[in-house]
Amino acid sequence: AKLAMLTCGYVPRVLGKEELPPRGEAVVYVPNHCSYLDILTLSGFMPRPFKYISKIEILRIPLIGWAMSFAGHIALRRSDRRSQLESYKKSVESLKNGNSLAAFAEGTRSMDGRLQSFKRGPFKMAIDAGVDVVPVALRDLHRWHPATALMPLGRPRDVELKILPRVSTLGKTPEQILDECHDAVNRALPEHQRAPARKEA
């Protein structure tokens, strides 16, 4: 992935490397998701190895999906409850075996680049495996390959991959961790990518 991005002249700015866990420590990375280039960017430039938990449709995409399948990433069929349970068990086991995982907690790409609501699955998984969560903010990548575009609109420029402080799972509920991570990612994104303000009841 990194070679492909470098060949295209694309190098994001990586911030927050000091927030990374020590090598060999498993965590769950939770980035925002607004472009197919998210996968190549994280795979190529995140300074730690990890595997993805990804919906099965992504693994069927030429090049990106084939590479992910070959690397042993975990596939998820969202419409199949049995597949969901099997993928969950595999993910927890992989984390306990020392492998970090990346999960797009929004569940799908944002159509306009704005942060969407998070689902609780990745955070419950982290609790069950006894590992922390590291939020990640991908800034302005959607401008170069929005969800509505089949191909990138140009060579990505001014893109940032920002690694945020880890969130401990100790003694917390999935909902508490979810809120902490969502707030952290939202604050780290530029204004035009932040989640819409919640309306007062």
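Our structure is the block above this text.
Residues numbered from 1 in each chain as written. Predicted model: local features only at pLDDT ≥ 70, side-chain atom pairs only at ≥ 80, totals over all residues. Heavy atoms only, no water.

Colleague: Can you break down the overall build of the protein residue by residue, with the values?
Modeller: A tally of regular secondary structure across the protein gives 6 helices and 7 strands. Starting at the N terminus and walking to the C terminus, you meet the elements of the protein as α-β-β-α-β-α-β-α-β-α-β-β-α. When contacts within the protein are restricted to residue pairs at least 6 apart in sequence, those whose partners lie at least 24 apart make up 71%. As displayed, the protein has an accessible area near 10,700 Å², and 53% of this comes from carbon and sulfur atoms. (Helix = DSSP H or I, 4+ residues; strand = E, 2+ residues; numbered from the N terminus. Contact = heavy atoms within 4.5 Å. Areas by Shrake-Rupley, 256 points an atom, 1.4 Å probe, with all protein chains shown as cover.)

Colleague: Please set out the packing of aromatic side chains residue by residue, giving values where relevant.
Modeller: Throughout the structure, instances matching the rule amount to 4 aromatic pairs. Plain terms: the ring middles of Y52 and F104 are 6.1 Å apart, the flat faces sit at 20° to each other, and that makes the pair stacked. Of this pair, Y52 sits in strand 3 (residues 51-55) while F104 sits in the loop between strand 5 (101-103) and helix 5 (121-129), placing them 52 residues apart in sequence. For the pair formed by Y52 and F104, the shared burial category is buried. Here a set of aromatic residues connected by ring pairs shows up, and it is made of Y29, F50, Y52 and F104. (Phe/Tyr/Trp six-rings, centres within 6.5 Å; stacked < 30°, edge-to-face > 60°. Buried < 20%, exposed > 50% of the residue type's maximum accessible area, 1.4 Å probe, protein only.)

Colleague: Let's hear about helix 4 (residues 81-96): which residues, and what values?
Modeller: The terminal C-alpha atoms of helix 4 lie 23 Å apart, and with 16 residues this matches the ideal 22 Å at 1.5 Å per residue to within 8%. Among the residues of helix 4, those classed as buried are S83, S87, S91, V92, S94 and L95. Each buried residue of helix 4 sits inside an arc of 165° when the element is viewed along its axis, so together they form one side. Those residues of helix 4 that are exposed and angled more than 90 degrees off the buried face are R81, R82, K89 and K96. Immediately beyond the C-terminal end of helix 4, within one or two residues, lies G98, with a positive phi of roughly 95°. (Expected span 1.5 Å × (residues − 1). Arc of directions from axis to C-beta.)

Colleague: So what's going on with the pattern of salt bridges? Residues and values would help.
Modeller: Proximity of charged atoms lets side chains of opposite charge pair with each other. The full count for this structure, using the stated rule, is 10 salt bridges. A salt bridge links E160 to R13; the nearest nitrogen and oxygen atoms lie 3.4 Å apart. Of this pair, E160 sits in strand 7 (residues 160-163) while R13 sits in strand 1 (residues 13-15), and the two are 147 residues apart along the sequence. Residue K124 is joined to D128 by a salt bridge in which the shortest nitrogen-to-oxygen separation is 3.0 Å. Placement of the pair is K124 and D128 together in helix 5, with a separation of 4 residues, close to one helical turn. We classify K124 as partly exposed; its relative accessible area is 31%. Residues joined in a network through salt bridges with shared partners are R13, R139 and E160. (Salt bridge = Lys/Arg side-chain N within 4 Å of Asp/Glu carboxyl O.)

Colleague: Tell me about the packing of helix 4 against helix 5, and please be specific about residues and values.
Modeller: Between helix 4 and helix 5, the least distance of the axes is 9 Å, while the angle of their chain directions is 45°. Taken as axis vectors, helix 4 and helix 5 run oblique relative to one another. Helix-helix and strand crossings are classified by hand; for helix 4 and helix 5 the assignment is right-handed. Together, Y88, S91, V92, L95 and K96 of helix 4 and G121, K124, M125, D128 and A129 of helix 5 make up the contact between the two elements. (Axes fitted to C-alpha atoms, helices over the stretch in contact; angles between N-to-C directions. Parallel < 35°, antiparallel > 145°, perpendicular 65-115°, else oblique. Left-handed = near helix turned anticlockwise from the far one by under 90°.)

Colleague: Explain the side chain of N186 residue by residue, including any values.
Modeller: By the element assignment, N186 lies in helix 6 (residues 174-188). When near neighbours in sequence (up to four residues on either side) are disregarded, N186 contacts L115, R194 and A195.

Colleague: Tell me about the nonpolar core, and please be specific about residues and values.
Modeller: In this structure, L95, F118, F123 and V133 are the most contacted members of the largest nonpolar core, which totals 29 residues. Broken down by element, the residue count for this core peaks at 6 residues, all from helix 6. When residues no more than four places from it in sequence are discounted, the contact partners of F118 are V30, A105, E106, F123, L178, C181, H182 and V185. In this structure, M46, A102, F104 and L161 belong to the second largest nonpolar core, which totals 17 residues. (Core = buried A, V, L, I, M, F, W, Y, C linked by side-chain atoms within 4.5 Å.)

Functional significance is not addressed by these values, which are geometric in nature.
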